[in-house]
Amino acid sequence: MINISLRQLEYFAAAAQHGGAARAAEALSVSQPSISKAIADLEALWGETLFVRRHARGLELTTAGQMRHREAHALLERARALEGPRTDEEAGLLRVGCLSTLAPRHLPAMLVRMRERHPQVEIEVHEADTEALLQMLERGALDAALLYDMGLARPVRLEAVTAFVPYALLPAGHALAARTSLPLAALAQEPFILIDLPHSREYFLSLFRQAGVAPRIAHASPSIEMVRSLVANGLGVSLLTTRPVRDWSYDGKRLACRRLRGPLAAQSVVMAYPERLGAANPRAALFAHVVRECFTQQRDAMTAPEAP
């Protein structure tokens, strides 16, 4: 049996918003005792003090009250959404794929924002390498996928959302880390740790070919965190495009990231969709908008393309 009502939460949230029971009562056109009783009942139910009464300043949320207010606000927003009509655009399932190197860094924030903006969209996430994602798009198992555009000649529709440039990844104490930027020729002289994913490995190897050098591959791994840890432990250097927020490996060792010198085309990040436009999921456009917003807020000077 549920011992809490939406009306109690509404009265509590109004008191928090307006800073007092009297002002909340006026805003909701109810009596002040109704607001006060709802707050008292919630405090008794939760065993927590929600407000501190400040003379001449009304009610101020306690730390516990702030946490409960966030929870109440989210529940009330969901309840208000349920009151409205379901729209074809926002109600239903969206099957999203994301490249395994991009997903841990960028996808969670996108999912949180989607849940806040469009709670009626149910998102099913598939994390995989580029080839697996393309195959899923081609057979209609995904509505959209977030990945790098590596000259993909496949029956999918691509929409650019941002761009990154690759960077050099070095052990923190490596001699090359003393430089602010590096040519690929310098990396070719060191043992190289290759990210071993379909399309990704060909892309990074092509950068060396364009520079007229060849890397000395010491290790290869499909895991970006394994590559970072191998580098951090002094087993080689690497090239990556996705950069986590902190330059530390999974096992707690420091890394150094440096700009690459020379003409390097920016690597486009795209939303990919099934080619058949008639089969497009209308919720994919909502997700694409959120993706662009999140990338704009997650800009990193190391991977941002230089201004022309």
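Residues numbered from 1 in each chain as written. Predicted model: local features only at pLDDT ≥ 70, side-chain atom pairs only at ≥ 80, totals over all residues. Heavy atoms only, no water.

Colleague: What exactly am I supposed to notice about the packing of helix α2 (residues 21–28) against helix α3 (residues 32–46) here?
Modeller: Viewed as axis vectors pointing N to C, α2 and α3 meet at an angle of 115°, and their least axial separation amounts to 8 Å. Considering only the axes of α2 and α3, their crossing is right-handed. Where α2 abuts α3, its residues Ala21, Ala22, Ala24, Ala25 and Leu28 lie against Gln32, Ile35 and Ser36. Taken together, the residues of the contact of α2 with α3 break down into 6 nonpolar, 2 polar and no charged. (Axes fitted to C-alpha atoms, helices over the stretch in contact; angles between N-to-C directions. Helix = DSSP H or I, 4+ residues; strand = E, 2+ residues; numbered from the N terminus. Left-handed = near helix turned anticlockwise from the far one by under 90°. Contact = heavy atoms within 4.5 Å. Nonpolar A, V, L, I, M, F, W, Y, C, P; charged D, E, K, R; others polar.)

Colleague: Please clarify how the sheet that holds strand β6 (residues 156–164) should be interpreted in this entry.
Modeller: By definition, the strands of a sheet pair up through backbone hydrogen bonds, in either a parallel or an antiparallel sense. Strands sit in the order β4-β3-β5-β13-β6 across an open sheet of 5 strands; the sheet is mixed. A single partner strand is all that each edge strand has here, and the edge strands are β4 (121–128) and β6. With strand direction ignored, the average angle separating the axes of adjacent strands in the sheet is 20°. As defined by bridge partners, strand β3 (residues 92–99) adjoins strand β5 (residues 144–148) across 3 bridges and the pair is classed as parallel. Across the sheet, the residue bridging to Val96 is Ala144, located in β5. Against the sheet, helix α6 (residues 130–138) contacts β3, β4, β5, β6 and β13 (267–274), and its axis sits at roughly 150° relative to β5. (Pairing = 2+ DSSP bridges.)

Colleague: I would appreciate a short explanation of the pairing of β5 in the present structure.
Modeller: On a regular strand, one side chain projects to one face of the sheet and the next to the other, so that they alternate. Of all 5 residues in β5, 5 are buried; the element is thus mostly enclosed. Two elements, β5 and β13, share 4 bridges in a ladder whose sense is antiparallel. The residue of β13 that forms the bridge with Leu147 is Val270. (Buried < 20%, exposed > 50% of the residue type's maximum accessible area, 1.4 Å probe, protein only.)

Colleague: Please explain the side chain of His106 as it appears in this structure.
Modeller: With respect to the element layout, His106 can be found in helix α5 (residues 103–117). Since its relative accessible area comes to 3%, His106 is described here as buried. When neighbours within four sequence positions are excluded, His106 is seen to be in contact with Phe164, Phe295 and Gln298.

Colleague: Even after reading the chapter, I still don't get the packing of α5 against helix α10 (residues 283–297), so can you show me in this structure?
Modeller: Relative placement of two packed helices is described by the angle separating their axes and the distance separating the axes. It is the contact of α5 with α10, at a shortest axis distance of 9 Å, that shows an interaxial angle of 125°. Considering the angle they form, α5 stands oblique to α10. By crossing handedness, the relation of α5 to α10 is classed as right-handed. Contacts between α5 and α10 involve His106, Leu107, Ala109, Met110, Arg113, Met114 and Arg117 from the former and Leu286, Phe287, His289, Val290, Val291, Glu293, Cys294, Phe295 and Gln297 from the latter. Of the residues in the contact of α5 with α10, the class split is 10 nonpolar, 3 polar and 3 charged. (Parallel < 35°, antiparallel > 145°, perpendicular 65-115°, else oblique.)

Colleague: What should I look at first to understand the sheet that holds strand β8 (residues 181–182) in this one?
Modeller: The 4 strands lie next to each other as β8-β12-β7-β11, forming an open sheet whose pairing is mixed. With one partner strand each, in any of the chains shown, β8 and β11 (238–240) form the two edges of the open sheet. Summarising the sheet, β8 and strand β12 (residues 255–260) pair through 2 bridges and their orientation is parallel. Looking across to β12, one finds that Leu182 is bridged to Leu260. Sheet strands in contact with helix α9 (residues 224–232) are β7 (167–171), β11 and β12, and its direction is about 50° off that of β7.

Colleague: Which parts of the structure should I look at to understand α10?
Modeller: The α-helix advances 3.6 residues per turn, and as a result positions three or four apart in sequence lie on the same side. The end-to-end C-alpha separation of α10 is 22 Å, in line with the 21 Å expected for 15 residues at 1.5 Å each. For α10, the full list of buried residues reads Arg283, Ala284, Leu286, Phe287, Ala288, Val290, Val291, Cys294 and Phe295. Along its buried surface, α10 packs onto β3, α5, β4, β5, β6 and β13. (Expected span 1.5 Å × (residues − 1).)

Bear in mind that shape data such as this cannot, by itself, settle questions of function.
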